[in-house]
Amino acid sequence: MTQRFRSYIDGQWVEGADSAQDENPSDLASPVGEYAAVDAAQAQAAIEAAARAQPAWGLTSPQQRADALDFVGSEILARKEELGRLLAREEGKTLAESIGEAARAGQIFKFFAGEALRIPGEKLASTRPGVDVEITREPVGVVGIIAPWNFPLAIPAWKIAPALAYGNAAVFKPAEIVPGCAWALAEILSRAGLPAGVFNLVIGSGRVVGQALVDDRRVDALTFTGSVPTGNGLLRQAAARGLKIQLEMGGKNPLVVLADADLDKAVEIAVNGAYFSTGQRCTASSRLIVESAVHDEFVARVGRRLAALKVGDALESGVDIGPVASAEQMQTNLSYIGVGRDEGAELLYGGEELELRTRGHYLAPTLFAAQPQHRIAREEIFGPVAAVIRADDYDHALQLANDTEFGLCAGICTTSLKYATHFKRHAQAGMVMVNLPTAGVDPHVPFGGRKASSYGPREQGRYAVEFYTTVKTAYTLA
Ligand code: NAD
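All values derive from a computational prediction rather than experimental measurement.

Draft legend 1. Seen up close, the pattern of salt bridges. For the coordinates displayed, the defined rule picks out 27 salt bridges. Between Arg52 and Glu48 there is a salt bridge, with its nearest N and O atoms 3.6 Å apart. Here Arg52 and its partner Glu48 are both found in helix H1 (residues 40-58), four residues apart, which amounts to about one turn of the helix. If you follow the salt bridges from partner to partner, you end up with Asp10, Glu48, Arg52, Asp216 and Arg218 in one network.

Draft legend 2. Quick look at the sheet that holds strand E7 (residues 131-139). On the basis of which strands lie adjacent, the open sheet formed by three strands has the order E6-E7-E23 and antiparallel pairing. Looking at which strands have only one partner, the edges of the open sheet turn out to be strand E6 (122-125) and strand E23 (469-477). Sheet twist, expressed as the mean angle between neighbouring strand axes with direction ignored, is 20 degrees. Relative to E23, E7 runs antiparallel, the two being bridged by nine bridges. Across the sheet, Glu134 pairs through a bridge with Ala474, a residue of E23.

Draft legend 3. The arrangement of the nonpolar core in detail. Ranked by internal contacts, the top residues of the largest apolar core, which has 65 residues, are Phe109, Ile160, Leu164, Leu194 and Phe199. Among the elements that make up this core, the one with the highest residue count is helix H5 (residues 154-165) (nine residues). The contact partners of Phe199, leaving out residues within four places of it in the chain, are Tyr8, Ile160, Ala170, Phe172, Ala186, Leu189 and Leu194.

Draft legend 4. Examining the UniProt feature "domain: Aldehyde dehydrogenase" (unreviewed entry) in the chain more closely. On the UniProt side, "domain: Aldehyde dehydrogenase" (unreviewed entry) is annotated at positions that read residues 13-473 here. What you have in residues 13-473 is 41% helix and 20% strand, and the ends, taken at the C-alpha atoms, are 40 Å apart.

Draft legend 5. Main features of the site of the ligand. Taken together, 27 residues form the shell around the ligand, and within it Ala147, Ser227, Thr230, Met249 and Glu380 come nearest. Take Lys173: an N or O atom from its side chain is 2.9 Å from an oxygen atom of the ligand. In the model, a nitrogen atom of the ligand is placed 2.7 Å from a nitrogen or oxygen of the Met249 main chain. Relative to its unbound accessible area of 850 Å², the ligand is 86% covered by the protein chains. Mapped by element, the contributors of at least two residues to the shell around the ligand are helix H7 (206-215), strand E11 (221-225) and helix H8 (228-241).

Draft legend 6. Summary view of helix H11 (residues 327-343). Its 17 residues place the ends of H11 24 Å apart at the C-alpha level, agreeing with the 24 Å of an ideal helix rising 1.5 Å per residue. Inspection of H11 places Gln329, Met330, Asn333, Tyr336, Ile337, Val339 and Gly340 among the buried residues, and these make up the whole buried set. Against the buried residues of H11 lie strand E16 (366-369) and strand E17 (385-391). Two residues or fewer past H11, Gly344 is found with a positive phi of approximately 95 degrees.

Draft legend 7. A look at the packing of aromatic side chains. In total, this model carries seven aromatic pairs according to the counting rule given. Between Tyr8 and Trp13, the aromatic rings sit 4.7 Å apart at their centres with planes inclined by 45 degrees, giving tilted as the arrangement. On the basis of relative accessibility, which here comes to 9%, the residue Tyr8 falls in the buried class. The ring of Phe151 has Lys93 sitting right over it, with the charged end atom 3.6 Å from the ring centre.

Draft legend 8. Quick look at the layout of surface pockets. There is about 1,100 Å³ of room inside the largest pocket. Lining the largest pocket are 38 residues, with Pro148, Trp149, Gly226, Ser227 and Thr230 positioned closest to its centre. When contributions to the lining of the largest pocket are tallied by element, the ones reaching two or more residues are H7, E11, H8 and H11. Per-element tally for the lining of the largest pocket: the top contributor is H8, with six residues. Per-class residue counts for the lining of the largest pocket are 16 nonpolar, 14 polar and eight charged. Reported here for the second largest pocket is a volume of approximately 420 Å³. Lining the second largest pocket are 20 residues, and of these Arg104, Phe151, Arg281, Gly440 and Val441 sit closest to its centre. Elements represented by at least two residues in the lining of the second largest pocket include exactly helix H4 (95-116) and H5. Grouping the amino acids of the lining of the second largest pocket by side-chain chemistry returns nine nonpolar, six polar and five charged.

Draft legend 9. Structural context of the packing of helix H12 (residues 394-402) against helix H13 (residues 417-426). Relative orientation of the contacting elements H12 and H13 amounts to 25 degrees, with a least axis distance of 11 Å. Looking at the two axes, H12 sits roughly parallel to H13. Our pair here, H12 against H13, has a crossing hand that is right-handed. Listed contacts from H13 to Tyr394, Leu398, Ala401 and Asn402 of H12 are Tyr419, His422, Phe423 and His426. For the contact of H12 with H13, the class distribution of residues is five nonpolar, three polar and no charged.

Draft legend 10. Fine view of the UniProt feature "active site" (unreviewed entry) in the chain. Per the UniProt record, "active site" (unreviewed entry) is annotated on Glu248. Mapping Glu248 onto the fold places it in strand E12 (residues 244-248). Take Glu248: its relative accessible area is 4%, and that puts it in the buried class. In this view, Glu248 contacts Phe224, Thr225, Gly226, Leu408, Phe447, Gly448, Gly449, Ser453, Ser454 and Glu459; residues no more than four positions away in its chain are not counted.

Draft legend 11. Layout of empty space enclosed by the protein. Within the structure shown, the criterion is met by three cavities of 30 Å³ or more. Considered as a void within the structure, the largest cavity measures approximately 80 Å³ in volume. Around the largest cavity, the lining comprises 15 residues; the ones closest to its centre are Gly279, Ala284, Ser286, Glu380 and Phe382. Around the second largest cavity, the lining is made up of 13 residues, and of these Pro254, Phe406, Gly407, Cys409 and Gln428 lie nearest the centre.

Rules of the game
Residues numbered from 1 in each chain as written. Predicted model: local features only at pLDDT ≥ 70, side-chain atom pairs only at ≥ 80, totals over all residues. Heavy atoms only, no water. Salt bridge = Lys/Arg side-chain N within 4 Å of Asp/Glu carboxyl O. Helix = DSSP H or I, 4+ residues; strand = E, 2+ residues; numbered from the N terminus. Pairing = 2+ DSSP bridges. Axes fitted to C-alpha atoms, helices over the stretch in contact; angles between N-to-C directions. Core = buried A, V, L, I, M, F, W, Y, C linked by side-chain atoms within 4.5 Å. Buried < 20%, exposed > 50% of the residue type's maximum accessible area, 1.4 Å probe, protein only. Contact = heavy atoms within 4.5 Å. UniProt positions renumbered as here; feature names shortened; annotations may be inferred. Near = heavy atom within 4 Å. Polar contact = N/O pair within 3.5 Å; in protein donor to acceptor, adjacent residues only side chain to side chain. Areas by Shrake-Rupley, 256 points an atom, 1.4 Å probe, with all protein chains shown as cover. Expected span 1.5 Å × (residues − 1). Phe/Tyr/Trp six-rings, centres within 6.5 Å; stacked < 30°, edge-to-face > 60°. Lys NZ or Arg CZ within 6 Å of the ring centre and 35° of its normal. 1 Å grid on protein atoms, 1.4 Å probe; cavity = no way out; pocket = protein on both sides within 12 Å on 5 of 7 lines; lining within 4 Å. Points joined across faces, edges and corners; volume = space filled by probe spheres on them. Nonpolar A, V, L, I, M, F, W, Y, C, P; charged D, E, K, R; others polar. Parallel < 35°, antiparallel > 145°, perpendicular 65-115°, else oblique. Left-handed = near helix turned anticlockwise from the far one by under 90°.

Take a look at the structure:
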């Protein structure tokens, strides 16, 4: 029987106005299920329920909130294989990557269960005699959550968990192509003892349901992860109505490889960062900037490594790279491969769709030798397509690394303490990696970027408190 993923509004599972298929990108002949997309009126009903439920939830004991989040975290961790399997079928990352992501989602709920008990405040001496000054944090209210498809468990977790921990109510809109993961998360949350309306899931399109979250004045804060064009559109609308907003968007993350690097390690770091999770990570190393002295050897070794990678069904054992997540993303990847060729970038490896045992969106990992001005070296592709760029020396490599509109993550492979230290200080990015892939972060520390990659306070770790609470300063004369 086809599984049907429904939305969750005001403590009830609801049917949608429209139905659509939930595809399996590894095997288009066996879809994951179907989903019921809600309309704008249903999204408004979810916002209404959240607005009604939030004041009492914001005043609950932090222990009650901690217990609810701990329940969710424990269940996700206990079911990580099963949830990982659903994720692999729906989004297409390999089973090992998917189980890892499910575990990460569980750990995030556990982390914020603890944070619910550690909501910070301050007491300062007043400049006036006899007066006390207290600074406390209160919930912002109703939080709208708009998520992308590439981390369908972890990204919703790192938005839903802090929203609830700090006493907010949440209305969560997942990306259209991953309704199953969103439903699975909501199903666990529906049994966590939350009062009706505190958490709502609205499955539907960005244009209708996402837009309803931006338009509705009962939404007090909006957290978005997705592409730059969508994020910038939301930012303009948020500014027009004074909506608190946080945006995590694209990247074109550089990985610098210096001549003094351990080349075997650098190749592993580059291949992992650029191609694992099918290159569909905002932190992917899509620009490999390699010092001239080792450029050709690096390229040859990466080519050999790519030849050994197995592309295939996300659930099959031994597969290193799953399918591209959707036909639309495949189209984007292929069109950029065409752009790279037309611009005169040299195709070193891959570039073609693969026909495998099952019909799916399979693309060979692709490597171009590019010039810094090529579009494939400047624009986010969001697939298993990387550009290698030659640098004269460290200074040139740093200049190339920073020559981008984005600023999410930047990495360097070097054995030089001097260059590593300089790079950490001068890379224009929110996150810097030394001898590590640009993708792959810890859950308990801030995540986010600079320049066109991000807007607003950081996500994750205790820095999440900035976005999900508002500060109150109280003066008392006893
Ligand atoms: P997207 O911008 O197409 O969609 C993101 C979400 O916005 C989806 O839920 C979509 O339905 C919704 N949306 C679309 N139009 C909308 C509108 N007009 N109003 C309101 N909501 C709307 O992005 P995507 O293709 O799902 O995800 C890929 C992008 O996400 C990449 O650019 C990637 O770099 C970025 N990303 C960034 C991070 C980060 O933390 N920086 C993490 C993961 C992904």
